[in-house]
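# Structural overview for review
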Amino acid sequence: MKLGLSLRYLGYHMAAWRHPDVPADGAIHFDYFLKSARKAEAARFDMVFFADGIGVRADDKPEGSLCRDMKNAELEPLTLLAALGACTSHVGLVATASTTYNEPFHIARKFASIDHISGGRAGWNVVTSWSEQEAWNFNRDAHLGYEERYERALEFVEVVTKLWDSWEPDAFIRDKASGVFYDPAKLHVPHHVGKHFKVRGPLNSARTPQGRPVIVQAGASEQGREIAARYADVIYSAPHALDAAKAFYADLKARAVRHGRRPEDLLILPGITTYVGHTREEAAEKLAFLQRLIHPLTGLATLYNHMGDLRDHDLDGPVPPPVNPSMRSMAADLYKVAQTENLTIRQLYERAAAGNGGRILVGTPNEIADDMERWMDEGAADGFNLCPATVPPGVDDFIELVLPELRRRGRFRQAYEGRTLRENLGLLPLDPS
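The model shown is predicted, which means the values in this text are computed figures rather than measured ones. (Residues numbered from 1 in each chain as written. Predicted model: local features only at pLDDT ≥ 70, side-chain atom pairs only at ≥ 80, totals over all residues. Heavy atoms only, no water.)

The next subject is the overall build of the protein. Counting its regular elements, the protein contains 14 helices and 11 strands. Computed over the C-alpha atoms, the radius of gyration of the protein is 22 Å, within 12% of the 22 Å expected from 2.2 N^0.38 for a compact globule of 433 residues. Seen along its three principal axes, the alpha-carbon backbone of the protein occupies a region of about 80 × 55 × 40 Å. Counting only contacts in the protein whose residues sit at least 6 apart along the sequence, the fraction spanning at least 24 positions is 76%. When the accessible surface of the protein is summed, it comes to about 19,300 Å², and 52% of that surface belongs to carbon and sulfur atoms. Across the protein, 51 positive and 58 negative side-chain charges occur, with their mean positions spaced 3 Å apart. (Helix = DSSP H or I, 4+ residues; strand = E, 2+ residues; numbered from the N terminus. Rg over C-alpha atoms; globule rule 2.2 N^0.38 Å. Contact = heavy atoms within 4.5 Å. Areas by Shrake-Rupley, 256 points an atom, 1.4 Å probe, with all protein chains shown as cover. Lys, Arg positive; Asp, Glu negative; His and termini not counted. Charge placed at Lys NZ, Arg CZ, Asp CG, Glu CD.)

Shown next as structure tokens:
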């Protein structure tokens, strides 16, 4: 199976920064991320992944919650990737960059440079920015409409791939005797003219060690799936139920085939947050310990847009019906879950806090490995994107407890297969034509 390690902030549990074994200021220090990247490399992970938002994507609702949230100071990820590329040798390096508040030439050049610096280990996670807070940082009062964002994103990726293909692999002959630096027959100027972009090119970078950096995508919408089926090499997905994951997997593979690709050209890695212990009770206590660290205001903030301001309600009482929710369908789903399972307000926000809304696995190494195997064997995953609850403790637990079990079962590599991310993912080399 393929494995990625997501290193966002200090972990995926809302209260990760309050854990005694987590450095609260880690997200602004290079050494913090370098240690984690080197651990991932020593453990033979395929890649480390840095999700990103270009703004503090939250409001102070309820009042007093935002100052208790760790998601407000971090390193810019492309700068971080370049530094990590010089300090690691095999692990893939993937980061988010927005198609809404960048230009294609910026992204093509930066990721090409990281691919060169790292010797062929760069990956671009394609996203469309969605929050008002990001729009406010880029001369806008509101973000672009949904359809326009995705329409722009599709053309954006098209332009970036054209720019990466500006030069054939052997275009730069650098013949000192003749004085010829590159073969003009092996230069292909994009001359792109479309609805959203007009980009002449070429890219002022040689073709990269991978041919192109790996493209990653995480959108589950219809438009996001189409971008993925056409261009992506890796998909991060977030289904909680096996049947939903299998349906998503089958749909994306079929779409890839319709675009002239092979099913194996598109790898699907669902996100998981694991709480693992030598016994199930030990694993459950690791989760419970973090749940006790959640400040009520930060917990209520996770429910605010769906359920309204619940400060005047008993946290250990029943969840009231949503009041003027900004996200109606999600509010209805949350309320249905609360009613069906008889959850209190506290229990409802604890569920969201445990893995940033992602799928949670709590158990022994055998139980975690059983679950991962089942998803692989039943056609729901090609691997997983580990979203650790805490960094470093959650990373260490997975490496020390789960990976040996996966290796014992023959499910995970002992050594890297190649030097580039594309090689280690088992993806075909790109056709230079």
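What follows deals with the pairing of strand β4 (residues 122-127). In terms of burial, β4 is a largely internal element, 5 of the 6 residues being buried. Of the strand pairs in this sheet, strand β3 (residues 92-98) and β4 are connected by 6 bridges, and their pairing is parallel. Its bridge partner lying in β4, S98 is registered against V127. In the classification by handedness, the crossover that spans β3, the intervening helix α3 (residues 104-118) and the parallel β4 is right-handed. (Buried < 20%, exposed > 50% of the residue type's maximum accessible area, 1.4 Å probe, protein only. Pairing = 2+ DSSP bridges. Right-handed = clockwise from strand over helix to strand, strands pointing away.)

For the pair helix α12 (residues 365-377) and helix α13 (residues 393-408), the least separation of the axes is 9 Å and the interaxial angle reads 55 degrees. With respect to α13, the axis of α12 lies oblique. α12 and α13 meet at a crossing whose hand is right-handed. Between α12 and α13, the contacting residues are P365, N366, I368, A369 and M372 on the first element and F398, L401, V402, E405 and L406 on the second. In terms of residue class, the contact of α12 with α13 is built from 8 nonpolar, 1 polar and 1 charged. (Axes fitted to C-alpha atoms, helices over the stretch in contact; angles between N-to-C directions. Parallel < 35°, antiparallel > 145°, perpendicular 65-115°, else oblique. Left-handed = near helix turned anticlockwise from the far one by under 90°. Nonpolar A, V, L, I, M, F, W, Y, C, P; charged D, E, K, R; others polar.)

A few words on the nonpolar core. In terms of nonpolar packing, the biggest core is built from 81 residues, with F45, W124 and M372 touching the most fellow members. With 8 residues, the single largest contributor to this core is helix α5 (residues 146-164). Those residues within four positions of F45 in sequence are excluded, and the remaining contacts are L3, G4, L5, A40, V91, L386, F398, I399, L403, F412, R413 and Y416. M14, L290, I294 and M307 belong to the second largest nonpolar core, which has 21 residues in total. (Core = buried A, V, L, I, M, F, W, Y, C linked by side-chain atoms within 4.5 Å.)

Okay, the packing of helix α2 (residues 77-87) against α3 next. α3 packs onto α2 with a crossing angle of 15 degrees between their chain directions and a minimal axis gap of 8 Å. As summarised for this structure, α2 and α3 are arranged roughly parallel, according to the angle between their axes. Classified by chirality, the crossing of α3 by α2 is left-handed. Contacts from L78, L81, A82, G85 and A86 in α2 reach K110, F111, I114, I117 and S118 in α3. Here the residues of the contact of α2 with α3 sort into 7 nonpolar, 2 polar and 1 charged.

Moving on, we come to the pairing of strand β8 (residues 234-237). Burial along β8 is two-sided: V234 and Y236 and I235 and S237, pointing in opposite directions, are all buried. As defined by bridge partners, strand β7 (residues 214-217) adjoins β8 across 2 bridges and the pair is classed as parallel. By the bridge assignment, V216 is partnered in β8 with V234. At this point the chain moves from β7, through helix α6 (residues 222-231), to the parallel β8, and the crossover so formed is right-handed. One ladder, built from 4 bridges, connects β8 with strand β9 (residues 267-276); its direction is parallel. Pairing of S237 across the sheet is with P270, part of β9. A crossover links β8 with its parallel partner β9, the connecting element being helix α7 (residues 242-258), and its sense is right-handed.

Right, let's talk about the packing of aromatic side chains for a bit. Applying the stated criterion across every chain, the model contains 15 aromatic pairs. Consider the rings of F49 and Y236, whose centres lie 4.5 Å apart with planes at 45 degrees: the pair is tilted. One end of the pair, F49, is in strand β2 (residues 47-50); the other, Y236, is in strand β8, and 187 residues separate them in sequence. Judged by its relative accessible area of 5%, F49 is buried. (Phe/Tyr/Trp six-rings, centres within 6.5 Å; stacked < 30°, edge-to-face > 60°.)

According to the stated counting rule, one finds 34 salt bridges in the structure shown. Of the charged contacts, one joins R225 and D251 as a salt bridge, the two residues approaching to 2.8 Å between their closest N and O atoms. Of this pair, R225 sits in helix α6 while D251 is found in helix α7, placing the two residues 26 residues apart along the sequence. On the accessibility criterion, D251 (21% relative accessible area) is partly exposed. Linked by salt bridges that have partners in common, D370, E373, D377, E405, R408, R409 and R411 make up one network. (Salt bridge = Lys/Arg side-chain N within 4 Å of Asp/Glu carboxyl O.)

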